[in-house]
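# Working through the structure, step by step
The residues making up each chain are set out below.
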Amino acid sequence: MTEHTLTVAGVAVDTRHWIGGERVASTETFPDVSPIDGSVLGEISRGTAMEVAAAVAAAKAAFPAWAATPRAERARILHAVADGVEKRLEELAIVETTDNGALLRSHRRGVMPRVAHNFRFFADWLLKLEHEDFETRGHTNHVSWDPAGPSVLITPWNAPLMLATWKVAPALAAGNTVILKPAEWTPLTASLLADIAAEAGLPAGVLNVVQGYGSEIGDALTSHPDVRRISFTGSVPTARRIAASAAANLTPLSLELGGKSPLLVFADADLDLAADLAVEQYDNAGQVCLAATRFLVEESVAEEFTRRFVEKAGQLTQGDPRDEATDIGPNIHPRQLEKIDGFVQRALASGARAVIGGHRKGAQYYAPTLLTDVAQDSEIVQEEVFGPVLTLQTFATEAEAVRLANDTRFGLAATLATGDPERAERVTAQLVAGTVWTNCFFVRDLQAPFGGSRHSGVGREGGTWSFDFYCDVKNTVTAPNGWRNHG
Ligand code: NAD
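Summary of the structure given here. This one's a predicted model, so the numbers in the text were calculated from it and none came from an experiment.

Let us look at the pairing of strand 14 (residues 261-265). Here strand 14 lies mainly inside the structure; five of its five residues are buried. Burial along strand 14 is two-sided: Ser261, Leu263 and Val265 facing one way and Pro262 and Leu264 facing the other are all buried. Sheet analysis places strand 14 next to strand 15 (residues 292-298), joined by five bridges and oriented parallel. Each bridged residue has a counterpart across the sheet, and for Leu263 the counterpart in strand 15 is Phe295. Bridge count for strand 14 against strand 21 (residues 413-417) is three bridges, and the pairing is parallel. Residue pairing in the sheet places Val265 in a bridge with Ala417 of strand 21.

Attention now goes to the site of the ligand. In the region of the ligand, 28 residues are neighbours, and Lys181, Glu184, Ser235, Leu257 and Glu384 sit closest. Backbone polar atom of Thr155 to an oxygen atom of the ligand: 2.7 Å apart, as the coordinates give it. For the ligand, whose accessible area on its own is 850 Å², the fraction buried by protein is 89%. When contributions to the shell around the ligand are tallied by element, the ones reaching two or more residues are helix 7 (214-222), strand 12 (229-233) and helix 8 (236-246). Each residue belonging to the shell around the ligand can be placed in one class, and the counts come to 13 nonpolar, 10 polar and five charged. Of the domains in this structure, domain 1 (5-257 + 452-475) and domain 2 (262-438) are the two that each give at least three residues to the shell around the ligand.

The next thing to look at is the sheet that holds strand 24 (residues 471-478). Backbone hydrogen bonds are what pair the strands of a sheet, in a parallel or an antiparallel way. A sheet is described by the order of its strands in space; here three strands give the open sequence 7-8-24, paired in antiparallel fashion. The outermost strands of the open sheet, each flanked by one partner alone, are strand 7 (133-136) and strand 24. Between one strand and the next, the sheet's axes are offset by a mean angle of 25°, whatever the strand orientation. In terms of strand pairing, strand 8 (residues 139-147) meets strand 24 through eight bridges, oriented antiparallel. In the sheet register, Val143 faces strand 24, and the bridge partner there is Asn475.

Turning to its location among the elements, Asp320 is positioned in the loop between helix 10 (299-314) and helix 11 (334-349). Asp320 sits 216 residues away from Leu104 along the chain, and the two C-alpha atoms are 9.3 Å apart. Apart from residues lying up to four places away in sequence, Asp320 is in contact with Ile36, Thr326 and Tyr365.

Moving on, we come to the side chain of Asp341. The residue Asp341 is located in helix 11 in this model. Engagement of the side chain of Asp341 in a polar contact is seen with the side chain of Tyr366, the distance being 2.6 Å. Not counting chain neighbours up to four residues away, the residues in contact with Asp341 comprise Gly358, His359, Arg360 and Tyr366.

Pairs may arise between side chains of opposite charge once their charged atoms sit close together. Per the stated rule, a full pass over the model turns up 32 salt bridges. The salt bridge involving Arg346 is made with Glu379; its shortest N-O contact spans 2.9 Å. Residue Arg346 is located in helix 11, and its partner Glu379 is located in helix 12 (residues 379-382); the two are separated by 33 residues in the primary sequence. Note on Arg346: relative accessible area 42%, which makes it partly exposed. Given a relative accessible area of 33%, Glu379 falls into the partly exposed group. One salt-bridge network, held together by shared partners, links Asp272, Asp276, Glu304, Arg307, Arg308, Glu311 and Lys312.

Thresholds applied
Residues numbered from 1 in each chain as written. Predicted model: local features only at pLDDT ≥ 70, side-chain atom pairs only at ≥ 80, totals over all residues. Heavy atoms only, no water. Buried < 20%, exposed > 50% of the residue type's maximum accessible area, 1.4 Å probe, protein only. Helix = DSSP H or I, 4+ residues; strand = E, 2+ residues; numbered from the N terminus. Pairing = 2+ DSSP bridges. Near = heavy atom within 4 Å. Polar contact = N/O pair within 3.5 Å; in protein donor to acceptor, adjacent residues only side chain to side chain. Areas by Shrake-Rupley, 256 points an atom, 1.4 Å probe, with all protein chains shown as cover. Nonpolar A, V, L, I, M, F, W, Y, C, P; charged D, E, K, R; others polar. Domains from an automatic or database assignment. Axes fitted to C-alpha atoms, helices over the stretch in contact; angles between N-to-C directions. Contact = heavy atoms within 4.5 Å. Salt bridge = Lys/Arg side-chain N within 4 Å of Asp/Glu carboxyl O.

Following this line, the structure appears as structure tokens:
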């Protein structure tokens with residue numbers, strides 16, 4: 001370990017920013033704490049407006065050459081980044097697990113392969129992106145996807161590298177340069193990504209990483225006049241601050257925010273499948289934006305569904321996320337645990353009943369919890385907890401199920417368990433949600449749009465939707481008969 005390096009399970013991670021192809025240290029630092037045991041992993045450079053200005057200047061300087069780099073060459077470099085991710089997959093997995101507490105087995109088998117796939121997918125999609133031509137009275141309308149410019153990408157701690165690369169890959173593919181600001185609770189894999197990108201041949205200044213507290217450098221990032229796009233994944237209150245700050249320059253925003261998504265279980269559902277879908281909602285200790293945290297179950301099967309759910313939940317093991325047998329790891333931070341417990345205790349005090357859980361488990365964990373006897377307008381039903389806390393309500397009719405499902409300020413996702421395809425179609429058409437899953441959960445093709453309605457977000461990313469956001473789409477109209485306009 002040197003002054004500017006920390007080591008996690010033998011993997012050296014640089015604790016400084018990455019600006020203009022160089023490591024840059026701040027005078028101040030902040031501690032990075034592992035949620036597994038509360039140990040301090042090291043001290044990270046604590047960015048200020050000065051480093052933000054340097055990173056935006058580097059991204060601005062690198063932009064013309066990167067934007068002019070042929071698509072095939074940009075795609076080649078993105079594939080080389082994916083190769084680097086795959087080569088260092090084990091290292092990325094253990095560092096991420098140590099930093100954010102999510103399961104090592106998921107990082108190895110699902111998350112890090114998906115990180116590599118993010119780069120490959122957007123590299124390939126870039127080559128397929130069509131330049132559409134239309135014709136109007138003999139005039140050709142030619143649509144092109146021009147890179148927009150330096151892009152600020154701000155990400156949360158619950159799936160750090162996966163969510164960062166979900167933005168970094170399309171932004172770079174589009175020809176933009178990037179200033180990535182990872183969450184202060186999980187700064188490490190973004191630093192490793194900078195190394196991997198440099199080794200893959202990404203030119204200096206095309207990807208910059210600035211570490212630090214959002215409350216301290218967020219405004220400098222989002223109000224900068226040279227920033228052309230801001231993509232943010234995180235909470236609603238932060239999104240409001242970012243939108244206000246970006247308003248000064250009318251900088252286009254993509255906002256992927258929180259949720260309070262429902263799981264609707266109809267009496268005609270395969271109840272075993274429904275219970276499997278239900279226990280999946282404890283994944284990542286409940287720290288998943290898309291989690292279906294509100295079970296809405298048809299009255300006639302509520303008792304049987306609950307019985308099967310409790311049986312399956314009882315089989316989950318909670319403990320060290322590095323252990324292959326663990327199903328639920330720790331929550332990210334003592335402050336998050338306090339927040340989770342606050343929600344649960346207020347719900348219990350106002351009449352909710354804990355079917356399972358309802359309490360902390362030691363210093364780092366929260367017991368998987370299911371609360372029932374909850375009112376639709378109560379805090380526990382309306383607000384995102386972001387922990388392993390689920391609620392169960394019943395409904396008598398399909399119309400009531402839809403009404404309850406839509407009755408929050410969010411609209412990120414919904415999951416249906418039903419054996420009736422016509423019902424699925426009818427209900428889906430009435431749900432306010434960016435994604436609806438029927439008899440499945442969490443599966444998604446990267447070509448498909450992703451985002452939320454209402455307070456769950458603004459805009460969509462994924463496939464062409466990502467390029468729509470990261471590009472300045474241009475229409476060029478050319479006169480017929482050679483170059484003379486007979487309009
Ligand atoms: P958060 O809003 O507290 O922080 C997210 C990021 O914003 C961090 O990097 C933080 O440093 C930064 N930030 C904080 N203040 C800022 C400011 N004033 N200006 C600019 N940046 C600022 O969110 P969190 O607690 O890290 O993440 C959890 C939230 O993220 C939950 O609400 C969850 O639902 C949501 N989330 C949404 C999705 C999605 O795709 N819709 C995915 C994952 C998480």
